[in-house]
Amino acid sequence: MAIVSATEMVNKALEGHYAIPAFNTNNLEWTKCILTAVEETKTPVMIQTSEGAAKYMGGYKLVVDMVNDLIDSMGITVPVALHLDHGTFEGAKKCIEVGYSSVMFDGSHFGIEENIEKSKEIIALAHSKGVSVECEVGGIGGVEDGVASAGELADPAECKLIADLGVDFLAAGIGNIHGKYPADWAGLNFDRLAEIKAAIGGKPMVLHGGSGIPFEQTKKAVGLGVSKININTELQLVFAAATRKYIEDGKDLEGKGYDPRKLLKPGSDAIIAKAKELCEAFEAAGKA
Ligand SMILES: [Zn+2]
């Protein structure tokens, strides 16, 4: 089975009160580990790349080919969507052209008028090719933006304007943050989440910055209409920790421990274990 649009899997998640895990990938190992985890747990999945990660791997076309070839060679049976995370206007168009099955257009840094105009154009182009679309309203906080303890909150009225364009799922700030959460983080704002959901009706919502949010908070968010949760940092942290341990234990100096297939194995195993844990936590395991 080749990659599929994410519309059906995310809508099913909304109906079934669970969330599709959307894991960012960085390379071949990452992609194989995510696919291994979701196949073993029978989880529908979105594999996503930032524009930077796709460039790092050799370009959008290479990512499309890699994911489709791995689905084939690994005998993957669960639905897999390949999604562009935080796409620019040009990046989203390019991904639609070369075969991504889902794209995010992030116009949140534009004024709402320009965000609407550009979102409208991407939605029309994507839907003409059977590609699902995520758009964003308001920013998502992040330490790199100088926001430390609280993420941004989107305006429900602006969320409705974008939802009404026919977007498939909507990202909106509800106090979530990209990267590691600070110790004094204020938590998700469930009142704002409920207000946005009431404004946008039946549209599924996306929770960005899903790494490290306590499971009781993600569970409550899913109950309020979040149907896709983005995970990037959490897999990076477990990979780095396991790789660090391998080197610090001197394993790369024993026998052929320097072989990249051996060197990357502990980190890869850690990604698989963490991804499986998240599939279970989001209650998406067994839904494929
Ligand atoms: Zn994000």
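Since the structure is predicted, the reported quantities are computational estimates derived from the model, not experimental observations. (Residues numbered from 1 in each chain as written. Predicted model: local features only at pLDDT ≥ 70, side-chain atom pairs only at ≥ 80, totals over all residues.)

## Some remarks on the overall build of the protein chain
So, step 1. Across its full length, the protein chain carries twelve helices and ten strands.
So, step 2. Considering only C-alpha atoms, the protein chain reaches an extent of 60 × 45 × 35 Å along its principal axes.
So, step 3. Sorting the 288 residues of the protein chain into buried and exposed places 47% on the buried side.
So, step 4. Long-range pairs, those at least 24 residues apart, make up 70% of the contacts in the protein chain with a sequence separation of at least 6. (Helix = DSSP H or I, 4+ residues; strand = E, 2+ residues; numbered from the N terminus. Buried ≥ 20, exposed ≤ 12 C-beta atoms within 10 Å, placed from the backbone. Contact = placed C-beta atoms within 7 Å.)

## Description of unusual backbone geometry
So, step 1. A positive phi is found at Lys 42, a non-glycine position, where the angle reads about 55 degrees.
So, step 2. Note on placement: Lys 42 falls in the loop between α2 (28–41) and β2 (45–49).
So, step 3. Among the residues examined, Lys 42 registers 14 C-beta atoms within 10 Å and is labelled partly exposed.
So, step 4. You will see that Glu 283, though not glycine, has its phi angle at about 60 degrees, which is positive.

## Brief notes about the nonpolar core
Across soluble globular proteins, nonpolar side chains have a tendency to be buried as a group.
So, step 1. Judged by nonpolar contacts, the single largest core of 80 residues is most densely connected at Ile 34, Val 103, Leu 170 and Ala 275.
So, step 2. Residues contacting Ile 34, with those up to four places away along its chain left out, are Phe 23, Thr 25, Val 45, Ile 47 and Ala 275. (Core = buried A, V, L, I, M, F, W, Y, C linked by C-beta atoms within 7 Å.)

## A few points about the sheet that holds strand β3 (residues 80–87)
So, step 1. Read around the barrel, eight strands follow the order β1-β2-β3-β4-β5-β7-β9-β10 and close on themselves; strand pairing throughout is parallel. Sheet twist, expressed as the mean angle between neighbouring strand axes with direction ignored, is 25 degrees.
So, step 2. In this sheet, strand β9 (residues 205–207) lies alongside strand β7 (residues 169–172) in parallel orientation, the contact comprising two bridges. Note that in β9 the partner of Ala 171 across the bridge is Val 206.
So, step 3. Where helix α5 (residues 89–98) meets the sheet, it contacts β3 and β4 (102–105), and its direction lies at approximately 160 degrees from that of β3. (Pairing = 2+ DSSP bridges. Axes fitted to C-alpha atoms, helices over the stretch in contact; angles between N-to-C directions.)

## Regarding helix α12 (residues 265–281)
So, step 1. Taking 1.5 Å per residue, 17 residues should reach 24 Å; α12 reaches 24 Å between its end C-alpha atoms and fits that length.
So, step 2. Among the residues of α12, those classed as buried are Pro 266, Gly 267, Ala 270, Ile 271, Ile 272, Lys 274, Ala 275, Leu 278 and Cys 279.
So, step 3. Buried residues along α12 sit in contact with β1 (20–24), α2, β10 (226–231) and α10 (233–248).
So, step 4. Phi for Glu 283, located one or two positions after α12, is positive at around 60 degrees. (Expected span 1.5 Å × (residues − 1).)

## Section: the packing of helix α7 (residues 156–163) against helix α8 (residues 190–200)
So, step 1. Running from N to C, α7 and α8 point in directions that differ by 35 degrees, and their axes come no closer than 8 Å. When the axes of α7 and α8 are compared, the crossing they make is right-handed. Residues Pro 156, Ala 157, Cys 159, Lys 160 and Ala 163 of α7 touch α8, and the partners they reach there are Glu 195, Ile 196, Ala 199 and Ile 200.
So, step 2. Taken together, the residues that form the contact of α7 with α8 break down as seven nonpolar, no polar and two charged. (Left-handed = near helix turned anticlockwise from the far one by under 90°. Nonpolar A, V, L, I, M, F, W, Y, C, P; charged D, E, K, R; others polar.)

## A word on the environment of Met 104
So, step 1. Its place among the elements puts Met 104 in strand β4.
So, step 2. Put simply, Met 104 and Ser 119 are 15 residues apart on the chain and 9.4 Å apart in space, counted from C-alpha to C-alpha.

## Quick word on the pairing of β2
Along any regular strand, the residues point their side chains to alternate faces of the sheet.
So, step 1. Burial analysis of β2 places five of its five residues in the buried class, which makes it a mostly covered element.
So, step 2. Of the two faces of β2, both are covered, the one formed by Val 45, Ile 47 and Thr 49 as well as the one formed by Met 46 and Gln 48.
So, step 3. Pairing geometry for β1 and β2, over three bridges, is parallel. Bridged to Asn 24 within β2 is Gln 48.
So, step 4. Remark: the β1/α2/β2 crossover connection has right-handed handedness.
So, step 5. The pairing of β2 with β3 spans five bridges and is parallel. When the sheet's bridge partners are listed, Val 45 is paired in β3 with Val 80. (Right-handed = clockwise from strand over helix to strand, strands pointing away.)

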